[in-house]
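Residue-level listing of the chains:
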Amino acid sequence: MQKMKRIVQPLLRWFQRNARDLPWRHHPTPYRVWISEIMLQQTRVEAVKGYFERFLKAAPDIPSLAALPEERLLKLWEGLGYYSRARNLQKAAKVAVEKYGGRLPASYPELLTLPGIGPYTAGAIASIAFHLPVPAVDGNVLRVWMRLTADSADISDPTVKRCVEAGVQAILPEEHSGDFNQAMMELGATVCVPNAPPKCESCPLAELCAAHTAGGEQQYPVKKPKPPRRIEQRTLFLLQQGGRLALRRRPPRGLLASMWELPSENGALDQRQAVQAVRAMGLEPVRLLPLPPAKHIFTHIEWHMTGWRVLLAPPVSAPDLVWASIEELRERYPLPSAFRPYLNAFLEKTEQSGDTNAYSAQRKQ
DNA sequence: TGTCCACGTCT
DNA sequence: AAGACGTGGAC
């Protein structure tokens, strides 16, 4: 498959002229490349842009990342999703401090041992930051490669990815491995896009592309359909008292681990059941007002939510809850996006006038 | 509305 | 090997 060697020069030249100007490309130090690559796992460039610089400011180097309090760390990650990425980032930072003198190790196999760094990310850091000749095959590269070779193997199969890694390894330009890997990903993100239609008119590799010359770009890549999501009914409570809102910490494992949430119960509770549930938390409801239903879609679950706004009789004592002010909702407690519709309902009722805070700003976008 | 991106990593 | 783990935007 040395034939694929012909893509190298046109691709590198195309990348030189068409690389997007992205914040993490400015000073591609190992630390910056690492943070950006973890943020970019399963996450679009546009979503990461708003997080990268703020994160770097809060944790400018590996020791400061290792020392960040967990709540601050998760707050910096709030809204990005896959929160275990943030925890693994910090675990790896601690390993780097203890084992590698506060730096990332400059070798692919050592990078692979760090939490949160798998084959793709190890390849990306090794090639982009350390200029080592290692492939970095992500979903973009896989799609580009399968189209270039008109290969109808199922990319859900892990062995197929290993074949593509071997193929890239065989043609990788030793002196420009990082640029080559980035160029493949950039082409996949901006030209050889998923779904209809890839922009073959502006592709530097169109004439070398087996799928294109056969007129069938869109048949690739082939992959297994995903299993359907399961639907869960949840009832959320907006427990209000003196302008503050009750929050609860989620368990440290599983869905939205260690994030904060609105107190909630399984099932769609009617008013009578909701009163019982609130009493079971150690609180005395004065009035319950229904809130509109909302839906949140995770990869594998759909939450169908109903909500109750609950006015409480003081004094109030519930051991598992904290009472957060608007300021603390914004600055302190990491809250996943799933709760935003109901947090907004609280803020709309609580805000004095049209002032701006983090959530009302997000709401207006 | 629903489907896809989104192989990325961990378990 | 296959399921868990978020989010938002494009179409």
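Because the structure is predicted, anything quoted here is derived from the model rather than measured. (Residues numbered from 1 in each chain as written. Chains lettered and ligands numbered in written order. Predicted model: local features only at pLDDT ≥ 70, side-chain atom pairs only at ≥ 80, totals over all residues. Heavy atoms only, no water.)

With that settled, the discussion passes to the protein's contact with DNA strand C. Taken together, 20 residues form the shell around DNA strand C, and within it Q42, Y83, L256, I297 and T299 come nearest. Within 4 Å of the protein, the atoms of DNA strand C are drawn from sugar and phosphate moieties in a proportion of 60%. Y83 has a polar side-chain atom sitting 2.5 Å from a phosphate oxygen of DNA strand C. Taking H296, its side chain carries an N or O atom lying 3.1 Å from a phosphate oxygen of DNA strand C. Classifying every residue of the surface near DNA strand C by side-chain character gives eight nonpolar, nine polar and three charged. (Near = heavy atom within 4 Å. Polar contact = N/O pair within 3.5 Å; in protein donor to acceptor, adjacent residues only side chain to side chain. Nonpolar A, V, L, I, M, F, W, Y, C, P; charged D, E, K, R; others polar.)

The UniProt record marks residues 39–190 with the feature "domain: HhH-GPD" (unreviewed entry), using the residue numbering of this structure. Overall, residues 39–190 shows 66% helix and 0% strand. The separation of its end C-alpha atoms is 19 Å. (UniProt positions renumbered as here; feature names shortened; annotations may be inferred. Helix = DSSP H or I, 4+ residues; strand = E, 2+ residues; numbered from the N terminus.)

Right, let's talk about the side chain of S177 for a bit. Tracing the backbone through its elements, the reader meets S177 in helix 11 (residues 177–190). Its relative accessible area of 1% is what places S177 among the buried residues. Apart from the residues lying within four places of it in its own chain, the contact partners of S177 are S127, H131, L132, P133, V134 and L172. (Buried < 20%, exposed > 50% of the residue type's maximum accessible area, 1.4 Å probe, protein only. Contact = heavy atoms within 4.5 Å.)

Attention shifts here to the state of the cysteines. Per the counting criterion, the structure on display carries zero disulfides. The thiol of C192 is not disulfide-bonded; the next cysteine sulfur, from C203, is found 6.3 Å away. Accessibility expressed as a relative area gives 11% for C192, which makes it buried. Counting only cysteine sulfurs, C203 is the nearest neighbor of C200, a cysteine outside any disulfide, at a range of 6.4 Å. Judged by relative accessible area, which is 17%, C200 ranks as buried. (Disulfide = S-S within 2.5 Å.)

Assigned domains of chain A: these are domain 1 (2–219) and domain 2 (230–364). Computed from C-alpha atoms alone, the centre-to-centre distance between domain 1 and domain 2 is 37 Å. Every contact between the two is made by nine residues of domain 1 and, on the other side, 17 residues of domain 2. Contact between domain 1 and domain 2 buries roughly 970 Å² in total, counting both sides, with carbon and sulfur atoms accounting for 47%. At the surface where domain 1 touches domain 2, the tally comes to two salt bridges. Among the salt bridges present, the one from R249 reaches E70, with a minimum N-O distance of 3.1 Å. Counting across the domain 1 and domain 2 interface gives nine residue pairs in polar contact (both at pLDDT 80 or more). Ranked by residues supplied to the side of domain 1 that touches domain 2, first place goes to helix 5 (residues 70–77) with four residues. Per-class residue counts for the side of domain 1 that touches domain 2 are three nonpolar, one polar and five charged. (Domains from an automatic or database assignment. Buried area = accessible area lost by both parts, 1.4 Å probe. Salt bridge = Lys/Arg side-chain N within 4 Å of Asp/Glu carboxyl O.)

Now for the packing of helix 2 (residues 30–40) against helix 6 (residues 84–100). In contact at an axis separation of 10 Å, helix 2 and helix 6 are set at 155 degrees when each is read in the N-to-C sense. Here helix 2 is positioned roughly antiparallel relative to helix 6, judged by the angle of their axes. Classified by chirality, the crossing of helix 6 by helix 2 is right-handed. Here W34, I35, I38, M39 and L40 of helix 2 come into contact with helix 6, specifically with R85, L89, A92 and A93. Among the residues forming the contact of helix 2 with helix 6, the class breakdown is eight nonpolar, no polar and one charged. (Axes fitted to C-alpha atoms, helices over the stretch in contact; angles between N-to-C directions. Parallel < 35°, antiparallel > 145°, perpendicular 65-115°, else oblique. Left-handed = near helix turned anticlockwise from the far one by under 90°.)

The buried fraction of helix 8 (residues 119–129) amounts to ten of the eleven residues, a majority that puts the element mostly inside the structure. Listed in full, the buried residues belonging to helix 8 are Y120, T121, A122, G123, A124, I125, A126, S127, I128 and A129. Following helix 8 by one or two positions, H131 adopts a phi angle in the positive range, close to 60 degrees.

A separate point is the packing of aromatic side chains. Taken as a whole and judged by the stated rule, the model has six aromatic pairs. Taking the centre distance of 6.1 Å and the plane angle of 70 degrees together, the rings of Y31 and W34 count as edge-to-face. With Y31 and W34 both in helix 2, this residue pair falls three residues apart, about one helical turn. For the pair Y31 and W34, a shared accessibility class is recorded, and that class is buried. Linked through ring pairs, F298, W303 and F339 together constitute an aromatic cluster. (Phe/Tyr/Trp six-rings, centres within 6.5 Å; stacked < 30°, edge-to-face > 60°.)

Neighbouring DNA strand B are 24 residues, the closest being Q42, R44, G116, G118 and K223. Sugar plus phosphate: this is where 64% of the atoms of DNA strand B within 4 Å of the protein reside. A distance of 2.7 Å is found between a phosphate oxygen of DNA strand B and a backbone nitrogen or oxygen belonging to G118. One nitrogen or oxygen atom from the main chain of P119 is found 3.2 Å from a phosphate oxygen belonging to DNA strand B. The set of elements that each furnish at least two residues to the surface near DNA strand B consists of helix 8, helix 9 (139–148) and helix 10 (158–171).

In this structure the tally under the stated criterion is 16 salt bridges. With a closest N to O distance of 3.1 Å, R248 and E261 form a salt bridge. Placement of the pair is R248 in strand 2 (residues 244–249) and E261 in strand 3 (residues 260–261), with a sequence separation of 13 residues. Under the relative-accessibility criterion, E261 is labelled buried at 4%. Residue E331 pairs with R330 through a salt bridge whose shortest N-O separation is 3.3 Å. Judged by relative accessible area, R330 falls into the partly exposed class, the value being 26%.

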